[in-house]
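Residues per chain are reported as follows:
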Amino acid sequence: EISHLVESIEIGETGYAYVVNKEGTVQGHRNERLVLDEYNPIRASAQDRALAPLAEVLQQAIAGQRGVAQYFFAGNDIYGAYAPIANTDGWAIVVAMNLNEILSGVNYLRNIIVLISLALVFLGGIMAYFIGNSIASPVIDAVKHAETLAKLDLTQDVPEEALTRKDELGTL
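Residues numbered from 1 in each chain as written. Predicted model: local features only at pLDDT ≥ 70, side-chain atom pairs only at ≥ 80, totals over all residues. Heavy atoms only, no water.

J.: Explain the side chain of Thr25 here, please?
T.: Secondary-structure assignment places Thr25 in the loop between strand S1 (16–20) and strand S2 (26–28). On the basis of relative accessibility, which here comes to 6%, the residue Thr25 falls in the buried class. Filtering out sequence-adjacent residues up to four positions away, Thr25 remains in contact with Val19, Val20, Glu38, Tyr39, Asn40 and Arg43. (Helix = DSSP H or I, 4+ residues; strand = E, 2+ residues; numbered from the N terminus. Buried < 20%, exposed > 50% of the residue type's maximum accessible area, 1.4 Å probe, protein only. Contact = heavy atoms within 4.5 Å.)

Next up, the structure:
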């Protein structure tokens, strides 16, 4: 009966809920084997140290605490929220979801930020090239003309665009 109630709780694609009694034995879960086998992660953690984080979550939940935690179970990184069930003798409910599903939005956002950053770096490089070229080109032209004058070649006139400039290069 309890398994049917928690089975109806769905969060995202991988999320589910389960109920444990005051000893930590699973009383309701979408995986009915855990209920039928009276699976107790707290006791199972004595043989399998990988279950220690899950056992700690359940101990906090049946002690009446509320919170969130990350643990590893059945080959998956799980992020779960736990709380005691009111008017029961130490029973608790845990709502769990695969960490990859939770972080999928963050991963997507990270990829978008990386793409935008690369695009901005590319555009910045193009802008730096054109700005640098607009500064360097007149300086190079002035140096070439100065070299021509240094060779005492007075046959070339100063280009008109250099004469009409209103900045330091125009003065030079």
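J.: What am I meant to see in helix H4 (residues 52–62) here?
T.: Every α-helix carries 3.6 residues per turn, so stepping three or four residues along brings you back to the same face. Listed in full, the buried residues belonging to H4 are Leu54, Ala55, Val57, Leu58, Ala61 and Ile62. Seen from one end, H4 has its buried residues packed into an arc of 160°, which puts them on one side. Buried residues along H4 sit against S1, helix H3 (41–44), strand S3 (67–73), strand S4 (76–84) and strand S5 (92–98). In the segment just after H4, Gly64 is the residue with positive phi, at about 95°. (Arc of directions from axis to C-beta.)

J.: Could you clarify how one ought to interpret the environment of Thr164 in this entry?
T.: When you line up the elements, Thr164 lands in the loop between helix H6 (160–163) and helix H7 (168–171). Taking the C-alpha atoms as reference points, Thr164 and Gly80, 84 residues apart in sequence, are found 72 Å from one another.

J.: Looking at this structure, how should I read empty space enclosed by the protein?
T.: A water-sized probe rolled over the atoms picks out the places where empty space is left. Applying the stated criterion across every chain, the model contains one cavity of 30 Å³ or more. Taken together, Tyr16, Tyr18, Val26, His29, Leu34, Tyr39, Pro41, Leu54, Tyr71 and Phe73 make up the lining of the largest cavity. Looking at the lining of the largest cavity, its residues break down into nine nonpolar, one polar and no charged. (1 Å grid on protein atoms, 1.4 Å probe; cavity = no way out; pocket = protein on both sides within 12 Å on 5 of 7 lines; lining within 4 Å. Points joined across faces, edges and corners; volume = space filled by probe spheres on them. Nonpolar A, V, L, I, M, F, W, Y, C, P; charged D, E, K, R; others polar.)

J.: Help me understand the pattern of salt bridges in this model?
T.: Any two side chains of opposite charge can pair if their charged atoms end up close together. For the structure shown, the criterion picks out two salt bridges. Note that Asp89 and Lys22 form a salt bridge whose closest N and O atoms lie 2.8 Å from each other. Of this pair, Asp89 sits in the loop between S4 and S5 while Lys22 sits in the loop between S1 and S2; the two residues are 67 residues apart in sequence, bridging distant segments of the chain. With relative accessibility at 42%, the residue Lys22 sits in the partly exposed group. Of the charged contacts in the structure, one is a salt bridge between Arg33 and Asp37, with a shortest N-O distance of 2.9 Å. (Salt bridge = Lys/Arg side-chain N within 4 Å of Asp/Glu carboxyl O.)

J.: Explain unusual backbone geometry here, please?
T.: Trans peptide bonds make up the majority, and among non-glycine residues the majority have a negative phi. Even without glycine at this site, Glu38 takes up a positive phi of about 50°. Looking at the secondary structure, you find Glu38 in the loop between helix H2 (32–36) and H3. Even without a glycine there, the phi angle at Ala74 is positive, about 55°. Looking at the secondary structure, you find Ala74 in the loop between S3 and S4. You can call Ala74 exposed: its relative accessible area is 64%.

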